[in-house]
Number of protein chains: 2
Amino acid sequence: MKTLLKNAQIINFTDNKINVIKNGCVAINNEYITYVGISAPAGEFDTVKDMRGSILIPGLYNCHTHSPMTLLRGIGSDLPLDKWLFDTVFPVEDKLTADDIEAGTYLALMEMVASGTVSFSDMYFEPERTCEAVGKAGLKANISRPVQCFDPQERPEDSYRIRQSLELFDKYHNSFGGRVLVDFCIHAEYTCDEKTTRYYSDRCRERKGNMHIHISETEKEHRQCIEKYGKTPTQWFDSLGAFDSRAFAAHCVELTENDMDIMKARGVSIVHNPSSNMKLGSGFAPVERFIEKGINVALGTDGAASNNNLDMLEEMHLASVIHNGYHRDATVMSADKIIKLATVNGALLQGRESCGNIKEGYRADIVALSVDNPNMMPCLDPVALTVYSAGRGDVLMTMCDGKILYENGEFLTIDKEKVFYDVRKAIERLY
Amino acid sequence: MKTLLKNAQIINFTDNKINVIKNGCVAINNEYITYVGISAPAGEFDTVKDMRGSILIPGLYNCHTHSPMTLLRGIGSDLPLDKWLFDTVFPVEDKLTADDIEAGTYLALMEMVASGTVSFSDMYFEPERTCEAVGKAGLKANISRPVQCFDPQERPEDSYRIRQSLELFDKYHNSFGGRVLVDFCIHAEYTCDEKTTRYYSDRCRERKGNMHIHISETEKEHRQCIEKYGKTPTQWFDSLGAFDSRAFAAHCVELTENDMDIMKARGVSIVHNPSSNMKLGSGFAPVERFIEKGINVALGTDGAASNNNLDMLEEMHLASVIHNGYHRDATVMSADKIIKLATVNGALLQGRESCGNIKEGYRADIVALSVDNPNMMPCLDPVALTVYSAGRGDVLMTMCDGKILYENGEFLTIDKEKVFYDVRKAIERLY
């Protein structure tokens, strides 16, 4: 199956620097991009799509979320963090069935492809359902079952959470043509203990896994870890082997300079979640310092319960402006940096080779944004438009591995009516 | 012309408290709302619209913008403030013709109605074109010609800017059935002088005008005013009579407690512009203090050159989350407060009676948001959904004075193709 996208403005990266091709073509052969340039390549195509009036960007990577939490969207908003979590979120989560998880995941997948996301890093229960849903719907994801330990007597060998995580890895890692990967995941320092973290980190290293962790999201978490262990969460995880594998840490609002140096030295990536950090009052992660230090930084939405959506274009916008405001300097962030965080860096974090860019030999993960909507005119600077002006309403097409998942408002790989029916049924039972 | 909107979820305010009517009706007779309630009222209707699957909110008020600056969208992004303004914005503005202004205004009107805005407060040159465009397109606006003075020798009586402002007032104030109002406007302290401010403020008071001013947007402006006059910008304007009329101040990032007390005592409203303040690195206006003091606070996008769009739903989202992040407290802002800022408070700022709410006897300014999009499901809390989850892509309908301006992606009062043609022609000439 050969496809040609022509007459588009194309945003991509060469040696980590952003380019704009003003009137270009992308040729695609099955899952891969075979050509990117100004003049159309020779050869026959099964489909030729005229993309006049659109900007093509690499598909977006949402590197930290809890996709089934779409079912909890909006509950307990504006409560203090503890009340929100204990009085509203946990009681609902307690009632979630595997079927609910599947319905919530599909709703999340619809929301993601409709806002230009092709891949995400997920952390939630019943992850088999999420793996199946992602596989069938045609996206990419790094899916994990979070490990916790609340019983100091529990032997890690006996932990059902670790067992589920390892079973998931054996069953689904590198499935669906490599689109579905399984990550390891320790939920956080405050929900795990030393023996469990050490044991599980060793299993991750043995299997060459990818480790997903919440680190230093709030001042309270960070301070209490120091009080308990005499170590920051970063130091604590490092000392227990959690960074012996390729690892990535969500939030990192409170990192010290020393923590950042550890992250850099150990090759740990960081996921910045601006909506969630702002809404929950966690604070401003020092993202500009992470970048200066050479740490690989990506972006994430966190779950829909604390965001309250899964819109990476919104996340890119927030990340692009709030740090300028915080530092009172219009030059702290720039649009080109932000697009790189949401694409190239996300693919690197997920351990996906030949992904995250519109480039010959890369996977054909491409999003088309309309520049024929009033908010996208005039198109003087496609990079600035993408970050500062675009929204979900401008997404014309989302393609993953050469397959169109969403186009002109239609979902091509997901049965919208079935998902809506399943979600309504779940909601009736849960609330 | 009688219209009934039925089966909708309705968000409105009673005695400044938010309500949600779960399955309600709104009856409209020409420009006015004649009924809001659960059961359908008796009587015949020319049109009955089934609004199942939507939330009705009062039309949004964008209380500080420079609408024709859509033509400058995206230029000079990520430059330091001075370079952006002097090297990129001013040279283009210098070339703008009245026809350009008209094209840029129409583009702004399209963008605004497509994102749920029914009324705006504008400050720009060639305002006659803006008045005509707003009048014809069916929105509401308070339009002003900014007064500046760069020549200490110039007598205010001879200022062509003041002459234009007064002529505009006489010609267009309260035109197009009261939809178009003309405001007075002093650009800012740093672009005006004492004699001009005093003279013009007196003219405003005589005519019972509404005064629109930029105040304390940046630390530099605020500090330099104190250095020059021994007064903050707020104190300076107050001492010269600018607050003797109903006045409103944009930005106010740097207000002191004393400034706030003056604003409260003189009945001055404040417009918060979070995107612009963040993007340009101006900082965090103490909005929560303004509200605590009982000052009337509204929201604005500022111009598309510094935002870079005119999307009030995005502005509401930013305003709802950034102050929680800044104060590290999830309870600083709440969704119900934010909706009030964007509706009821905006109408009060503009001096529009019986506007800004979905209420019997009020103007029929109503926006419908879809709850059938994946990012708006489930609909557990319509208020939280509106602020934290909705985007421009969820706007189904924008109605102003009982007339539908935008519905299902179509512009009913603006010739889209003509506007796009005019904008492209202007852009070719300008860049």
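Residues numbered from 1 in each chain as written. Chains lettered and ligands numbered in written order. Predicted model: local features only at pLDDT ≥ 70, side-chain atom pairs only at ≥ 80, totals over all residues. Heavy atoms only, no water.

## A look at the sheet that holds strand β7 (residues 117-123) of chain A
Residues and elements named next belong to chain A. Read across the sheet, 4 strands follow the order β6-β7-β8-β9 without closing on themselves; strand pairing throughout is parallel. Single-partner strands in this sheet number two, and they are β6 (60-65) and β9 (180-182). When the angles between neighbouring strand axes are averaged without regard to direction, this sheet yields 15°. Taken strand by strand, helix α3 (residues 127-137) contacts β7, β8 (140-144) and β9, and its axis lies near 175° from that of β8. (Pairing = 2+ DSSP bridges. Helix = DSSP H or I, 4+ residues; strand = E, 2+ residues; numbered from the N terminus. Axes fitted to C-alpha atoms, helices over the stretch in contact; angles between N-to-C directions. Contact = heavy atoms within 4.5 Å.)

## Some remarks on the interface of chain A and chain B
Between chain A and chain B, the residue contacts involve 65 residues of the former and 65 residues of the latter. Of the roughly 4900 Å² buried between chain A and chain B, counting both surfaces, carbon and sulfur atoms make up 60%. Where chain A touches chain B, the interface holds 6 salt bridges. R328 of chain B serves as the salt-bridge partner of E254 of chain A, at 2.8 Å between the closest nitrogen and oxygen. Along the contact surface separating chain A from chain B lie 27 residue pairs in polar contact (both at pLDDT 80 or more). (Buried area = accessible area lost by both parts, 1.4 Å probe. Salt bridge = Lys/Arg side-chain N within 4 Å of Asp/Glu carboxyl O. Polar contact = N/O pair within 3.5 Å; in protein donor to acceptor, adjacent residues only side chain to side chain.)

## Focus on unusual backbone geometry
All names here are of chain A. Across the junction of N307 and N308, the peptide omega takes the value 10°, indicating a cis bond. Mapped onto the elements of the fold, N308 is located in the loop between β14 (297-299) and α11 (312-327). The phi dihedral of R328 is positive, around 50°, even though this residue is not glycine.

## Let's talk about the pairing of strand β10 (residues 184-188) of chain B
All names here are of chain B. In terms of burial, β10 is a largely internal element, 5 of the 5 residues being buried. The pairing of β10 with strand β11 (residues 210-215) spans 4 bridges and is parallel. The residue bridging A188 from the neighbouring strand is H214, located in β11. (Buried < 20%, exposed > 50% of the residue type's maximum accessible area, 1.4 Å probe, protein only.)

## Quick notes on the packing of aromatic side chains
By the definition in use, this model includes 18 aromatic pairs over all chains. Ring geometry for F169 of chain A against F184 of chain A: centres 5.2 Å apart, planes inclined by 55°, an arrangement best described as tilted. Placement of the pair is F169 of chain A in helix α4 (residues 160-172) and F184 of chain A in strand β10 (residues 184-188), with a sequence separation of 15 residues. This pair shows no difference in class: F169 of chain A is buried, exactly as F184 of chain A is. An angle of 85° between the planes, with centres 6.5 Å apart, marks the rings of Y326 of chain A and Y326 of chain B as edge-to-face. Placement of the pair is Y326 of chain A in helix α11 and Y326 of chain B in helix α11 (residues 312-327), with the two residues belonging to separate chains. Of the residues examined, Y326 of chain A reaches a relative accessible area of 38% and is grouped as partly exposed. Put simply, the rings of F284 and Y326 of chain A together with F284 and Y326 of chain B touch in pairs and so form one group of aromatic residues. If you follow R203 of chain A out to its NZ or CZ, it ends over the ring of Y199 of chain A, 4.5 Å from the centre. (Phe/Tyr/Trp six-rings, centres within 6.5 Å; stacked < 30°, edge-to-face > 60°. Lys NZ or Arg CZ within 6 Å of the ring centre and 35° of its normal.)

## Details of the relation of the copies chain A and chain B
By a simple turn and slide, chain A fits onto chain B: the slide is 0.0 Å along the axis, the RMSD is 0.0 Å, and the turn is 180°. Expressed as an axis order, the relation between the two copies is that of a two-fold axis. The C-alpha atom lying nearest the rotation axis in chain A is that of G393 of chain A; the distance is 2.1 Å. Interface overlap between copies: 100% of the residues of chain A at the interface are likewise at the interface in chain B, consistent with a symmetric, same-surface contact. (Least-squares fit on C-alpha atoms with pLDDT ≥ 70 in both.)

## Some points on helix α14 (residues 382-389) of chain B
Residues and elements named next belong to chain B. Among the 8 residues of α14, 8 are classified as buried, and the element is accordingly described as predominantly covered. Along α14, the positions that sit buried rather than exposed are P382, V383, A384, L385, T386, V387, Y388 and S389. Where α14 starts, the residue carrying a side-chain oxygen 3.1 Å from the main-chain nitrogen of V383 turns out to be D381.

## Description of the sheet that holds strand β14 (residues 297-299) of chain B
All names here are of chain B. The 5 strands lie next to each other as β10-β11-β12-β13-β14, forming an open sheet whose pairing is parallel. Pairing within the sheet leaves two strands with one partner each, and these edge strands are β10 and β14. Adjacent strand axes in the sheet meet at a mean angle of 25° when their direction is disregarded. Bridge count between β11 and strand β12 (residues 246-251): 6 bridges; the pairing is parallel. Across the sheet, residue I215 finds its bridge partner in β12, namely H251. Set on the sheet, α11 makes contact with β13 (269-272) and β14; between it and β14 the angle comes to about 125°.

## Section: the side chain of R203 of chain A
Residue and element names in this part refer to chain A. Mapping R203 onto the fold places it in helix α5 (residues 194-206). R203 sits in the buried class, given a relative accessible area of 15%. Ignoring any residue separated from it by four or fewer positions in sequence, one finds R203 in contact with L166 and F184.

## Description of the packing of helix α12 (residues 335-342) of chain B against α14 of chain B
All names here are of chain B. Running from N to C, α12 and α14 point in directions that differ by 70°, and their axes come no closer than 9 Å. By the angle between their directions, the pair α12 and α14 is classed as roughly perpendicular. The two elements α12 and α14 cross, and the hand of that crossing is left-handed. The residues of α14 that touch α12, namely those facing A335, D336, I338 and I339, are V383, A384, T386, V387 and Y388. (Parallel < 35°, antiparallel > 145°, perpendicular 65-115°, else oblique. Left-handed = near helix turned anticlockwise from the far one by under 90°.)

## Focus: the environment of G281 of chain A
Mapped onto the fold, G281 of chain A is located in the loop between α9 (274-279) and α10 (287-293). Once the C-alpha coordinates of G281 of chain A and L81 of chain A are considered, the two residues, 200 residues apart in sequence, prove to be 8.3 Å apart. When residues no more than four places from it in sequence are discounted, the contact partners of G281 of chain A are N324, G325, R328, D329 and A330 of chain B.

## Some thoughts on the domain arrangement of chain A
All names here are of chain A. Its domain assignment divides chain A into domain 1 (2-59 + 357-411) and domain 2 (62-350). Contact residues are listed per partner, giving 26 residues for domain 1 and 28 residues for domain 2. Each partner contributes to the roughly 2300 Å² buried at the junction of domain 1 and domain 2, and carbon and sulfur atoms together form 72% of this total. At the junction of domain 1 with domain 2, the criterion picks out 2 salt bridges. At the level of elements, β1 (2-14), β15 (366-370), α14 (382-389), β16 (395-400) and β17 (403-407) are the ones that each hand at least two residues to the side of domain 1 that touches domain 2. (Domains from an automatic or database assignment.)

## Structural notes on the environment of Y190 of chain B
With respect to the helices, strands and loops of the structure, Y190 of chain B is situated in the loop between β10 and α5 (194-206). For Y190 of chain B and I215 of chain B, which are 25 residues apart along the polypeptide, the C-alpha to C-alpha distance reads 9.6 Å.

## Notes on the pattern of salt bridges
Residue and element names in this part refer to chain A. The full count for this structure, using the stated rule, is 66 salt bridges over all chains. Close ionic contact of K171 with E128 constitutes a salt bridge, the shortest N to O distance being 3.2 Å. Placement of K171 in helix α4 and of E128 in helix α3 is noted, with a sequence separation of 43 residues between them. The exposure class assigned to K171 is exposed, which follows from its relative accessible area of 51%. Its salt-bridge partner being R205, residue D244 comes within 3.8 Å of it at the nearest N-O pair. Placement of the pair is D244 in the loop between α7 (233-239) and β12 (246-251) and R205 in helix α5, with a sequence separation of 39 residues. Given the relative accessible area of 39%, R205 is considered partly exposed. Taken together, the shared-partner salt bridges connect D202, R205, D238, D244 and R266 into one network.

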